[in-house]
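# Topology and contacts: notes
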Amino acid sequence: MTKSSRVIRVFISSPSDVHQEREAARRVVTRVQRLYPGMELQAVLWEELALPATASFQQTIDYLLERKPIDIAVLIFWSRLGSPLGDLITRPDGTPYRSGTEREFDLMLAAYEQSGQQRPIILAYRRDDDESFNSKLNSGPGEGLEEMIRQRKLVESF
């Protein structure tokens, strides 16, 4: 890309249960890039970020997202809201986030408000596949069933 190319950063956020959907979203960004050679579309995924050993995973993501603005945020859900962050990162009122994905959604909402409601465009998708979830639930370990159901309810309430 030339220096005059417009860079559009597409942040893809999701819990681990939709790994295939994350990869599909990355491929879409790559295909769309080919259609608009005057722009540079950058897929921003945590697994491609340089994460230092001196900060937590979520702290590093927060820092990088605040440092380079995001133009489009894509959130993908299915059966999990994600992993809890613990006490290190909390909401301004001190309550915990239910997951890193929920935190990233709040960061994107805050960025949207701070930009005068210009960016990022926030897109949220939910995999609609009850049959696979029920199959996963029926074949899952007995002790993990309650957590699977709890996570599914968190997604539904989100």
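If you're wondering where the values come from, they're calculated on a predicted model, not measured in any experiment. (Residues numbered from 1 in each chain as written. Predicted model: local features only at pLDDT ≥ 70, side-chain atom pairs only at ≥ 80, totals over all residues. Heavy atoms only, no water.)

### Quick word on the packing of helix α4 (residues 130–139) against helix α5 (residues 145–157)
Filter applied, for reference: Helix axes are fitted to C-alpha atoms over the stretch in contact, other axes to C-alpha atoms as well, and angles between N-to-C directions run from 0 to 180 degrees. The numbering of helices and of strands both runs from the N terminus, where a helix is a DSSP run of H or I of at least 4 residues and a strand a run of E of at least 2. Between 65 and 115 degrees an angle is taken as roughly perpendicular, under 35 as roughly parallel, over 145 as roughly antiparallel, and anywhere else as oblique. In what follows, residue pairs with any heavy atoms lying within 4.5 Å of each other are defined as contacts. Amino acids are sorted into nonpolar (Ala, Val, Leu, Ile, Met, Phe, Trp, Tyr, Cys and Pro), charged (Asp, Glu, Lys and Arg) and polar (every other residue, Gly among them).
Look at α4 against α5: their axes get within 10 Å of each other, and the N-to-C directions meet at 155°. It follows that α4 is roughly antiparallel to α5 by the angle criterion. Contact with α4, carried on its side by Asp130, Phe133, Lys136 and Leu137, involves Leu145, Met148, Ile149 and Arg152 of α5 and no other residues of that element. By residue class, the composition of the contact of α4 with α5 is five nonpolar, no polar and three charged.

### Focus: the nonpolar core
We apply this condition: Joining through side-chain atoms within 4.5 Å is the link that ties buried Ala, Val, Leu, Ile, Met, Phe, Trp, Tyr and Cys residues into a set, and such a set is a nonpolar core. Only protein chains enter the accessibility calculation, which uses a 1.4 Å probe; a residue is then buried when its area is under 20% of its type maximum, exposed when over 50%, and partly exposed in between.
The biggest cluster of nonpolar side chains holds 14 residues, and the ones touching the most others in it are Val10, Ile12, Leu41, Val74 and Ile76. Those elements giving two or more residues to this core turn out to be β1 (6–13), α1 (19–35), β3 (72–77) and α4. Setting aside residues no more than four positions away along its own chain, Val10 makes contact with Val29, Leu41, Gln42, Ala43, Val44, Ile72 and Val74. Counting residues in hydrophobic clusters, the runner-up holds 13 residues, among them Val44, Ile61, Leu107 and Met108.

Keep in mind these numbers describe shape, not what the thing actually does.
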